[in-house]
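Architecture and fold: a report
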Amino acid sequence: MASAAGPAAAEELPPQLAYAYGENETPRAAAFGGALRALGNGTSAVFLNPSAMVETRVYHLQALFQGSPEAGRHAYGGVVVDSVTGKLAGALSFVGGFVDMDGGIERSYLDARAGLAYPLTDRVFVGLTGRYAKITQDGTLREGGLGDSSVSGGLRAWEDGAVVGRSALVDGFTFDAGLTVKATDNLHIAVVGQNLTYPDHGLLPTTVGGGVGVGTADFSIEVDGLADFNSYRDTTFRFMAGGEYLVADHFPLRAGYRFDQGADQHALSLGLAYVGTQFAVEGTVRRALASGGPTTFVVGLAYHLESSGLTRGSSDSF
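Section: the overall build of the chain
In terms of regular secondary structure, the chain is built from 4 helices and 16 strands. Taken across its 318 residues, the chain has 51% of its residues classed as buried. For the chain, restricting intrachain contacts to residue pairs at least 6 apart in sequence, the fraction spanning at least 24 positions comes to 53%.

So this is what it looks like as structure tokens:
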């Protein structure tokens, strides 16, 4: 593993970290260090906690970019979430990406999700997200002496007697489930399980966690924790904390911290956004503080359809 003196290259990162545990993030979630399971309304809820979709009434469309130069990872996609047009909120997301394509493992992936959330009462929300994942790896592992094997990259795919690539390492469905309790007007508590079909491998690790968040019109802060059962040989834990402060009604300033026990890394994140009535532009950078970990950039551009007059309902983007 690389020293703390400089950033790691893709081959020096733990593969779990280079792949970012298969997680997709919005700029707001990344800026919080991932600590947004309780307060992650809107598009962030699709990836972190589907039950949080009904915390606010929005109809948002967001384009996303995620990148990490050291891991050679870049992903592109979009999310739409609607909690305005009915009591039952819904969301769709599609994200595709690549990891270490320059002579490394050459992994590509597609992540598609459909989520639903429903308020059992004014203070208790439940949600479910179905997830389809397809992961293909055409390269080989750089370490471990496995070489050009099915373990490194999946079984070879043949067509007309010629090798045309490799079969997918993962090609299937799983689901997430979440519960959010609005204990008071400002205090939210969430419990979430992800990849609950238990695929039993690190490409779709099963995690169970939760968060406690306090949010007002101008200020939010949250602390989360989760247990990861499959990314490493033993169960590992990630702890996250983050917050934001709204300046001049349109500019949320965000910061977060994350400790990853599996990779033994601490990371800090900073985010800045402009949130207007009909659109938002957001950006976040996260940097590992030790062990030569990766730098991650997350950028989003969102359109607030509920503010265009095409839907009915109220908006709470913050």
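What follows continues from the structure just given.
As for the pattern of salt bridges
Counted under the stated rule, the structure contains 13 salt bridges. Among the ionic pairs, Glu23 bridges to Arg258, the shortest N-O distance being 3.9 Å. With Glu23 in the loop between helix 1 (15-18) and helix 2 (27-31) and Arg258 in strand 13 (residues 251-260), this pair connects stretches of sequence that are 235 residues apart. Here Arg286 and Glu25 are joined by a salt bridge, their closest N and O atoms 3.0 Å apart. Taken together, the residues span a long stretch of sequence, with Arg286 in strand 15 (residues 279-288) and Glu25 in the loop between helix 1 and helix 2 at a distance of 261 residues. You'll find Arg286 and Glu25 in the same group, each marked buried. What you see here is one network of salt bridges that share partners, running through Glu23, Asp228, Arg238 and Arg258.

Thoughts on the packing of aromatic side chains
A full pass over the atoms with the stated rule returns 7 aromatic pairs. Ring pairs connect the aromatic residues Phe251, Tyr274 and Phe279, which therefore count as one cluster. The cationic tip of Arg107 hangs over the ring face of Tyr19; the distance from NZ or CZ to the ring centre is 5.0 Å. A cation over a ring is seen here: Arg238 above Tyr21, with NZ or CZ 4.1 Å from the ring centre.

So, unusual backbone geometry
Although it is not a glycine, Ala20 sits at a positive phi angle of roughly 60°. Among the structural elements, Ala20 can be located in the loop between helix 1 and helix 2. Ala20 sits in the buried class, given a relative accessible area of 13%.

Side note on the pairing of strand 8 (residues 170-182)
In terms of strand pairing, strand 5 (residues 124-137) meets strand 8 through 12 bridges, oriented antiparallel. Its bridge partner being in strand 8, Gly127 is matched across the sheet by Gly178. Of the strand pairs in this sheet, strand 8 and strand 9 (residues 187-194) are connected by 6 bridges, and their pairing is antiparallel. By the bridge assignment for strand 9, Lys182 is matched with His188.

A closer look at the nonpolar core
A general tendency of soluble globular proteins is for nonpolar side chains to be buried together. Within the largest apolar cluster, 32 residues are counted, with the highest numbers of intra-cluster contacts made by Tyr19, Met53, Val99, Tyr109, Ile135 and Val170. Those elements that place two or more of their residues in this core are helix 1, helix 3 (44-48), strand 2 (73-82), strand 3 (89-99), strand 4 (107-119) and strand 5. The element that contributes the greatest number of residues to this core is strand 3, accounting for 4 residues. Beyond its immediate sequence surroundings of up to four residues, Val99 is in contact with Ala18, Tyr19, Ala71, Gly72, Arg73, Ile105, Glu106, Arg107 and Tyr109. The next biggest cluster of nonpolar side chains, apart from the first, holds 5 residues, and it includes Ala29, Phe32, Leu39 and Leu48.

A word on the environment of Asp224
Secondary-structure assignment places Asp224 in strand 11 (residues 219-228). Each residue touching Asp224, except ones within four places of it in the same chain, is listed here: Gly34, Ala35, Leu36, Arg37, Gly210, Gly211, Val212, Arg238, Phe239 and Met240. Separated by 3.1 Å, the side chain of Asp224 and the backbone nitrogen of Leu36 make a polar contact.

Quick look at the pairing of strand 10 (residues 207-215)
Across 8 bridges, the pairing between strand 9 and strand 10 is antiparallel. Counterpart to Gly193 in the pairing with strand 10 is Val208. Relative to strand 11, strand 10 runs antiparallel, the two sharing 9 bridges. Residue pairing across strands places Gly213 opposite Glu222, the latter belonging to strand 11. Linking strand 10 back to strand 11 in an antiparallel pair, the connection comprises 3 residues.

Here we look at the confidence of the model for the chain
Residues with a pLDDT of 70 or more make up 83% of the chain, whose mean pLDDT is 86. Across the chain, the secondary-structure element scoring lowest on mean pLDDT is helix 4 (residues 150-153), at 47, and the one scoring highest is strand 9, at 98. Note that residues 1-8 has pLDDT below 50 and, in this model, 23 contacts with residues that lie over four places away or in other chains.

Section: the environment of Thr235
Note on placement: Thr235 falls in the loop between strand 11 and strand 12 (236-247). For Thr235, a relative accessible area of 35% puts it in the partly exposed group. As for Thr235 and Gly262, which are separated by 27 residues in sequence, their C-alpha atoms are 8.4 Å apart. Not counting residues up to four positions away in its chain, the partners in contact with Thr235 are Ala227, Asp228, Phe229 and Gln261.

Quick notes on the side chain of Glu25
Exposure remark for Glu25: the relative accessible area of 9% places this residue in the buried category. Side-chain polar atoms of Glu25 contact the side chain of Arg286, separated by 3.0 Å. Excluding its chain neighbours within four sequence positions, the residues that come into contact with Glu25 are Ala30, Leu64, Gln66, Arg258, Arg286 and Val298.

Procedures and definitions
Positions within a chain are numbered from 1, following the residues in the order the chain's sequence is written. Local features are withheld for residues below a pLDDT of 70 in this predicted model, meaning they are given only at 70 or higher, and side-chain atom pairs are given and counted only at 80 or more; totals for whole chains, interfaces and linings count all residues. In computing side-chain values, all of the structure's heavy atoms are included and hydrogens and water are not. Only DSSP runs of H or I reaching four residues or more are called helices, and only runs of E reaching two or more are called strands; each is numbered from the N terminus. Relative accessible area decides the class of each residue, using a 1.4 Å probe on protein chains only: under 20% of the type maximum gives buried, over 50% gives exposed, and in between gives partly exposed. Contact definition: two residues touch when any of their heavy atoms are within 4.5 Å. Any Lys or Arg side-chain nitrogen found within 4 Å of a carboxyl oxygen on Asp or Glu counts as a salt bridge. Ring pairs are drawn from Phe, Tyr and Trp, using the six-membered ring of Trp, whenever the two centres fall within 6.5 Å, and their geometry is named by plane angle: stacked under 30 degrees, edge-to-face over 60, tilted for the rest. Placement of a charge over a ring requires the Lys NZ or Arg CZ to be within 6 Å of the ring centre, with the centre-to-atom vector within 35 degrees of the ring normal. We treat two strands as partners when DSSP finds at least two bridges between them. Nonpolar cores were defined as sets of buried Ala, Val, Leu, Ile, Met, Phe, Trp, Tyr and Cys residues, with membership established by side-chain atoms within 4.5 Å. Under this definition, polar contacts are N or O atom pairs within 3.5 Å; protein pairs additionally need one hydrogen-donor-capable and one acceptor-capable atom, and for neighbouring residues in sequence, both atoms have to be side-chain atoms. For every residue, the predictor states its confidence as a pLDDT score lying anywhere from 0 to 100.

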